Amino acid sequence: MEKRQKILGINTGFEDLEYEGFDEYSILSNISLFDYDAIVIDSDLLSESYKEDITKVYQGKRLISKMDSHRIVDDFKRLGTQLIDFLNQGKTVFVLMGKNENCYIHTGKTEYSGSGKNARASDIVTEFDTYSFLPIKLNLNHGVGEKFTLCCSAPYLEFFKSTKDNNFYKVYFDSDNSKTLLKITDTEKSISAVCDYGKGKIVLLPYIYYSYDYENEEDWEKDGKNYLDALFALNERISSKLEDYALPKWTEDFCILNENKEKDELKKEYKKLKKIEEKIYEKEQKLIEIQSYKALVSATGEVLEDIVKKVLSEMGFVLECTEKGRSDIIAKFDEQPIVAEIKGVT
């Protein structure tokens, strides 16, 4: 029996559908990603999972409470680390691209001004990137719309055709080394893209209509399940890579198309490669031989003795045997005996 896929949704809103194989958890949970075949992250208002500070806003953006400031940093770091390992396993991470504006967090540092009774303490805050859980950089712009154009092929084309009524966009963006799947009509602005990362893929999807967008519960149930059907099918297609398929042994008994010709061409290239490798080996040995003479100015001990004896032999000296461990040389040149001591420079 074929194994049923398991997909994990983080901050998604499909729970009421009770879809088999789809589990949902909050970003606040400590769930491990590695029990699943794919991950779906709803990025919409992620920071709202964390409590606001009493002052609520700073420079027009949400200010997270002191306690939850530490938590959001830890949660995003934990999620980001797991996502990298998950992607390196060759799996897929889907991200529903919602309105996920940056927020401000407390750094835990305090700045003091004034003195005496006029002394004031100010908590230091910093802007927090609410897409920092992703191992890729995104340049985002917020804007809501429904008109978009398909610019992709299989398997993404089938997915978007079957879910076209579920999708709208809340952001448009660009990302380095990504391939655009959908763009806003009559523009080059991406609202969906796929990025290769490690052995896996990050698929940035437009946002979707949830149950609260529907007047009729039955319509939501139909469209919601259709969306998950298509998502499971897409992940199956992405995961089933042709290059990972091993042909059975019996397929070696016949050839198709121009297979024989390509085999012959490959054999010729292997022969060329063998000759090149032999030449490379020959050149490497010559280079090693030439470089060995550098030991004359760099080596000490037995290495220096050996290279000096080699050079003297090449110059025509006839070397005589000496006692083991002696550093001097006894040789003859045109019947003229010589005795020399070898010393390295330190």
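Cut-off values and rules
- Residues numbered from 1 in each chain as written.
- Predicted model: local features only at pLDDT ≥ 70, side-chain atom pairs only at ≥ 80, totals over all residues.
- Heavy atoms only, no water.
- Helix = DSSP H or I, 4+ residues; strand = E, 2+ residues; numbered from the N terminus.
- Rg over C-alpha atoms; globule rule 2.2 N^0.38 Å.
- Buried < 20%, exposed > 50% of the residue type's maximum accessible area, 1.4 Å probe, protein only.
- Contact = heavy atoms within 4.5 Å.
- Lys, Arg positive; Asp, Glu negative; His and termini not counted.
- Charge placed at Lys NZ, Arg CZ, Asp CG, Glu CD.
- Axes fitted to C-alpha atoms, helices over the stretch in contact; angles between N-to-C directions.
- Parallel < 35°, antiparallel > 145°, perpendicular 65-115°, else oblique.
- Pairing = 2+ DSSP bridges.
- Patch = residues over 30% accessible without salt bridge, like charges linked within 9 Å, V, L, I, M, F, W, Y side chains within 5 Å.
- Areas by Shrake-Rupley, 256 points an atom, 1.4 Å probe, with all protein chains shown as cover.
- Salt bridge = Lys/Arg side-chain N within 4 Å of Asp/Glu carboxyl O.
- Core = buried A, V, L, I, M, F, W, Y, C linked by side-chain atoms within 4.5 Å.
- Disulfide = S-S within 2.5 Å.

Draft legend 1. Quick look at the overall build of the chain. A count of helices and strands for the chain gives 5 helices and 18 strands. Here the C-alpha radius of gyration of the chain, 35 Å, is well above what a compact globule of 346 residues would show, namely 20 Å. Counting only C-alpha atoms, the chain reaches 115 × 90 × 45 Å along its principal axes. Taking all 346 residues of the chain together, the buried fraction comes to 35%. Sequence separation of 24 or more characterises 60% of the internal contacts of the chain that already satisfy a separation of 6 or more. Charge centroids of the chain, computed over 49 positive and 64 negative side chains, lie 4 Å from each other.

Draft legend 2. View of the packing of helix 2 (residues 156-163) against helix 3 (residues 217-239). Viewed as axis vectors pointing N to C, helix 2 and helix 3 meet at an angle of 180°, and their least axial separation amounts to 9 Å. The orientation of helix 2 relative to helix 3 falls into the category roughly antiparallel. Along the contact surface, helix 2 presents Tyr156, Glu158, Phe159, Ser162 and Thr163, while helix 3 presents Asn226, Tyr227, Ala230, Leu231, Leu234, Arg237 and Ile238.

Draft legend 3. Fine view of the pairing of strand 4 (residues 52-58). Relative to strand 5 (residues 61-64), strand 4 runs antiparallel, the two being bridged by 3 bridges. Bridge pairing links Val57 to Arg62 in strand 5. The turn linking strand 4 back onto strand 5 is made up of 2 residues, and Gln59 within it adopts a positive phi angle of 50°.

Draft legend 4. Structural detail: the sheet that holds strand 18 (residues 336-341). Strand order across the open sheet formed by 3 strands is 16-17-18, with antiparallel pairing between neighbours. Looking along the sheet, the strands with just one partner apiece sit at the ends: strand 16 (318-319) and strand 18. The pairing of strand 16 with strand 17 (residues 328-333) spans 2 bridges and is antiparallel. What sits directly across from Leu319, in strand 17, is Ala331.

Draft legend 5. Up close: a negative patch on the surface. Side chains of Glu15, Asp16, Glu18, Glu217, Glu218 and Asp219 sit close together on the surface and give a patch of like negative charge. Its location among the elements puts Asp16 in the loop between strand 1 (7-10) and strand 2 (22-25). Given a relative accessible area of 47%, Asp16 falls into the partly exposed group.

Draft legend 6. Just the environment of Lys261, in detail. Mapped onto the secondary structure, Lys261 falls in helix 4 (residues 259-291). According to the relative accessible area criterion, Lys261 is exposed, its value standing at 53%. Each C-alpha atom, one on Lys261 and one on Lys201, is 35 Å from the other, the two residues being 60 residues apart in sequence.

Draft legend 7. Representation of the nonpolar core in the model. Ranked by internal contacts, the top residues of the largest apolar core, which has 36 residues, are Phe14, Phe94, Tyr156 and Leu205. Setting aside anything within four residues of it in sequence, one finds Phe94 in contact with Ala38, Ile39, Val40, Ile41, Val203, Leu205, Leu231, Leu234, Asn235 and Ile238.

Draft legend 8. Region of interest: the state of the cysteines. Scanning all chains against the criterion turns up 0 disulfides. Here Cys151 stays free of any disulfide, with the sulfur of Cys152 as its closest cysteine sulfur at 6.3 Å. The buried category is assigned to Cys152, whose relative accessible area is 14%.

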